[in-house]
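Next come the chains, spelled out residue by residue.
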4 protein chains.
Amino acid sequence: MADLPSHHIEFRVRYGETDRMGVVYHAEYLAWCEMGRTEYIRSLGMSYAEMERRGVPLAVAEASLRYHAPAKYDDLIRVSTVLTRLGSRGLTFDYVITHAESGQRLASASTTLVALDPSGRAITIPADIRALLGGSGVR
Amino acid sequence: MADLPSHHIEFRVRYGETDRMGVVYHAEYLAWCEMGRTEYIRSLGMSYAEMERRGVPLAVAEASLRYHAPAKYDDLIRVSTVLTRLGSRGLTFDYVITHAESGQRLASASTTLVALDPSGRAITIPADIRALLGGSGVR
Amino acid sequence: MADLPSHHIEFRVRYGETDRMGVVYHAEYLAWCEMGRTEYIRSLGMSYAEMERRGVPLAVAEASLRYHAPAKYDDLIRVSTVLTRLGSRGLTFDYVITHAESGQRLASASTTLVALDPSGRAITIPADIRALLGGSGVR
Amino acid sequence: MADLPSHHIEFRVRYGETDRMGVVYHAEYLAWCEMGRTEYIRSLGMSYAEMERRGVPLAVAEASLRYHAPAKYDDLIRVSTVLTRLGSRGLTFDYVITHAESGQRLASASTTLVALDPSGRAITIPADIRALLGGSGVR
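Conventions we followed
- Residues numbered from 1 in each chain as written.
- Chains lettered and ligands numbered in written order.
- Predicted model: local features only at pLDDT ≥ 70, side-chain atom pairs only at ≥ 80, totals over all residues.
- Heavy atoms only, no water.
- Helix = DSSP H or I, 4+ residues; strand = E, 2+ residues; numbered from the N terminus.
- Rg over C-alpha atoms; globule rule 2.2 N^0.38 Å.
- Contact = heavy atoms within 4.5 Å.
- Lys, Arg positive; Asp, Glu negative; His and termini not counted.
- Charge placed at Lys NZ, Arg CZ, Asp CG, Glu CD.
- Buried area = accessible area lost by both parts, 1.4 Å probe.
- Salt bridge = Lys/Arg side-chain N within 4 Å of Asp/Glu carboxyl O.
- Polar contact = N/O pair within 3.5 Å; in protein donor to acceptor, adjacent residues only side chain to side chain.
- Buried < 20%, exposed > 50% of the residue type's maximum accessible area, 1.4 Å probe, protein only.
- Pairing = 2+ DSSP bridges.
- pLDDT = per-residue confidence, 0-100.
- Least-squares fit on C-alpha atoms with pLDDT ≥ 70 in both.
- Nonpolar A, V, L, I, M, F, W, Y, C, P; charged D, E, K, R; others polar.
- Arc of directions from axis to C-beta.
- Phe/Tyr/Trp six-rings, centres within 6.5 Å; stacked < 30°, edge-to-face > 60°.
- Lys NZ or Arg CZ within 6 Å of the ring centre and 35° of its normal.
- Expected span 1.5 Å × (residues − 1).

Peer 1: Tell me about the overall build of chain A, and name the residues and values.
Peer 2: Along its length, chain A carries 3 helices and 6 strands. For chain A, the succession of helices and strands along the chain, N to C, is β-α-α-β-β-β-β-β-α. Radius of gyration (C-alpha) of chain A: 16 Å, near the 14 Å computed for a compact globule of 139 residues. In terms of overall dimensions, chain A has C-alpha extents of about 45 × 35 × 20 Å along its principal axes. The contacts in chain A between residues at least 6 apart in sequence include a share of 67% that link residues at least 24 apart. Of note, chain A has its 16 positive side-chain charges centred 4 Å away from the centre of its 16 negative side-chain charges.

Peer 1: An account of the interface of chain A and chain B is requested, with residue identities and associated values reported.
Peer 2: The interface is formed by 9 residues belonging to chain A together with 9 residues belonging to chain B. Taken over both partners, the interface formed by chain A and chain B buries close to 940 Å², and the fraction arising from carbon and sulfur atoms is 62%. For chain A, the biggest contributors to the area lost against chain B are Y15, G16 and R20 of chain A; these three give 59% of the whole. Inspection of the region where chain A meets chain B yields 0 salt bridges. Between chain A and chain B we count 4 residue pairs in polar contact (both at pLDDT 80 or more) in total.

Peer 1: Would you mind going over the pairing of strand β5 (residues 105-116) of chain D in detail, with residue names and values included?
Peer 2: Residue and element names in this part refer to chain D. Counting buried residues along β5, 11 of its 12 residues qualify, which places the element largely inside the surrounding structure. Note that strand β2 (residues 58-67) and β5 share 9 bridges and pair antiparallel. Its bridge partner lying in β5, R66 is registered against S108. Judged from the 9 bridges that link them, strand β4 (residues 90-99) and β5 form a sheet pairing that is antiparallel. Bridged to T92 within β5 is T112. The turn joining β4 and β5, which pair antiparallel and follow one another in sequence, is formed by 5 residues; a positive phi near 80° is taken by G103. Hairpin connection of β5 to strand β6 (residues 122-123): 5 residues between the antiparallel strands, including G120 at a positive phi of 90°.

Peer 1: Go over the confidence of the model for chain A with me, naming the residues and quoting the values.
Peer 2: Averaged over all residues, the pLDDT of chain A equals 93, while 97% of them reach at least 70. Overall fold confidence (pTM) sits at 0.96, and the ipTM for the predicted complex is 0.94.

Peer 1: Could you give me a rundown of the relation of the copies chain A and chain B, with the residues and numbers involved?
Peer 2: After a rotation of 180° and a shift along the axis of 0.0 Å, chain A superposes on chain B with an RMSD of 0.0 Å. Those values place the two copies in the arrangement expected of a two-fold rotation axis. Within chain A, D19 of chain A has its C-alpha nearest the rotation axis, a separation of 1.9 Å.

Peer 1: I'd like to hear about the interface of chain A and chain D, residue by residue, with values.
Peer 2: Opposite the 22 residues of chain A that make contact, chain D presents 22 residues. Both faces considered, chain A and chain D share a buried interface measuring about 1900 Å² in area, 55% of it formed by carbon and sulfur atoms. When the buried surface of chain A facing chain D is broken down by residue, M21, H26 and L30 of chain A rank first, second and third, together holding 26% of it. Between chain A and chain D we count 4 salt bridges in total. Between R20 of chain A and E52 of chain D there is a salt bridge, with its nearest N and O atoms 2.0 Å apart. At the level of elements, α1 (28-43), α2 (48-53) and β2 (58-67) of chain A are the ones that each hand at least two residues to the side of chain A that touches chain D. Looking at the side of chain A that touches chain D, the element that brings in the most residues is β2 of chain A, giving 9 residues. Considered class by class, the residues forming the side of chain A that touches chain D number 14 nonpolar, 2 polar and 6 charged. In terms of strand pairing, β2 of chain A meets β2 of chain D through 5 bridges, oriented antiparallel.

Peer 1: Which residues make up the environment of G36 of chain C, and what values go with them?
Peer 2: Residue and element names in this part refer to chain C. Mapping G36 onto the fold places it in helix α1 (residues 28-43). Residues G36 and I9, spaced 27 residues apart in sequence, show a C-alpha to C-alpha distance of 6.4 Å. Sequence-distant contacts of G36, defined by excluding residues within four places in its chain, comprise I9, V79 and T81.

Peer 1: Mind laying out the pattern of salt bridges, listing which residues take part and the relevant values?
Peer 2: As enumerated under the stated definition, the model contains 44 salt bridges over all chains in all. Across the salt bridge formed by R14 of chain B and E17 of chain D, the nearest N and O atoms sit 2.7 Å from each other. A residue pair is termed interchain when its members come from two chains, as with R14 of chain B in the loop between β1 (6-12) and α1 (28-43) and E17 of chain D in the loop between β1 (6-12) and α1 (28-43). For the residue pair R14 of chain B and E17 of chain D, the accessibility class agrees, reading buried in each case. One salt bridge connects E39 of chain C with R42 of chain C, and the closest N-O pair in it is separated by 2.9 Å. Residue E39 of chain C and its partner R42 of chain C are both found in helix α1; the two are separated by 3 residues, about one turn of the helix. Through salt bridges with shared partners, a single network forms among E50, R53, R54 and D128 of chain A.

Peer 1: With reference to specific residues and values, describe helix α3 (residues 127-134) of chain A.
Peer 2: Two residues of an α-helix separated by three or four positions point the same way, owing to the 3.6 residues in each turn. All names here are of chain A. Taken together, the buried positions of α3 are occupied by I129, L132 and L133. Seen end-on, α3 carries its buried residues on one side only, within an arc spanning 90°. Turned more than 90 degrees from where α3 packs its buried face, A127 and A131 sit exposed. In this structure, the buried side of α3 is in contact with α1, α2, β3 (76-86) and β4 (90-99).

Peer 1: Any chance you could break down the packing of aromatic side chains for me, citing the residues and the numbers?
Peer 2: Counted by the stated rule, this structure contains 32 aromatic pairs over all chains. An angle of 85° between the planes, with centres 5.2 Å apart, marks the rings of Y29 of chain A and Y67 of chain A as edge-to-face. In this pair, Y29 of chain A is assigned in helix α1 and Y67 of chain A in strand β2, connecting sequence segments 38 residues apart. Overall, Y29 of chain A belongs to the buried group, its relative accessible area being 2%. Grouping aromatic residues by their ring pairs yields a cluster made of F11, Y29, W32 and Y67 of chain A. The ring of F11 of chain C is capped by R14 of chain A, whose NZ or CZ atom sits 5.9 Å from the centre of that ring.

Peer 1: Could you give me a rundown of α1 of chain D, with the residues and numbers involved?
Peer 2: All names here are of chain D. Here α1 spans 23 Å end to end across 16 residues, near enough to the 22 Å set by a 1.5 Å rise per residue. Burial analysis of α1 places 12 of its 16 residues in the buried class, the great majority of the element. Trailing α1 by a residue or two, G45 shows a phi angle of about 120°, which is positive.

Rendered as structure tokens:
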């Protein structure tokens, strides 16, 4: 993974993302991962919105998260995304979520996605999408 | 409004609906109103999901809310919904949100919805939908 | 309102903010308004997080929204925020939400907030907070 | 796991939980798991809200999810929760999420929680909480 290119985004924690424990609710991190891979894909030259218009939606098939330290309201968050596996029928992104200013690691996560046909069945990832994503050097 | 039938739902506040102030985040109440009118429509004999399948999605055009007292985690919430206006091109639901056990009023709200055609333009509400909703006695 | 300073933020629509109608779910706009006023307050020289630490949380007491056109996934959104009223016990922000690239108006909204004491009762807004917010020229 | 008691909840998918793909957004399932374990704990004789008031908040340290089939708007969902591990410093809940009417499996998930002290550090789970949770027969 060290040799693969990663992509970074930064944004501030929204008030509504926190819960009564005073920290970010754990489910919000999955939305942050989605934001990270959206911008990762855009950085390769095609928006995910365009991939959907071409009829290749990617659905999350598996997700795993480890929470190391809490994110708090108004914190500046950094999500680093890397495509770590590109198979014929699925692809895996790994994420590291840190406090942008201190560099403290807040969470790490991984999601595996599959391409769907219009009826919602998993299909082989089309060649042009594979070529696009493969531009990152992943295999 | 006193003479119009209302419909009630009850549910518990979810942890993720709270924010760091220790109370329910104000935007969540709009989702609760949506739950209220969904069950109101179902009580008239057709689910909103079925209305959408028939090609008559209803979009929220206006919303207003007044917050009287905070809802808290695990509170049992009651949403009372009433259809207060049924025009040719729009309809208005009013909501009262209370603490189910104490009866304390937490919020009151109103939303106006319009029917859309497939291209997203506001249309006259189809006669069968009007007849269904008119069964509540509203005008 | 024309003479009062406004503050602008821009961000992209997240996937999870959309609903099955293919557009942004109407409750999400309230969170966008919150983001707008957070940055508005920061632009005056104090973060809202700092205001909370000083013991002056602001709670939304009223909100109203008009939806003009739908926001879609990945759209670049612009929220313009202006403080339009600063009373002794409450303050009102108005918002215009537009499509950042086309300038199309998507929604307009207004929220009235009140300052709370630790027990959750509405209090007079402390003088230093009033002075800070009054720096915008509002009355 | 077969011998351990499980607890079931049922509820309908909310409109705002769906995304533009027409199905429930993947992050929402974590909130459903939270609802499942909240009611599981209540069924043992103490609400999670009461556990927090006693100063023993439980924070999610790890989560994993597998998505088998999509949940759709207005579907009746069933979440079955079982406590599968109760250690001195952490506990693990497993979840199976199904379509309540057809029994179709939609997702399976697991979350590991840790008890926190007021400063947010992981602590040994207090004896009375362990005794309460151990009433389920888990070890």
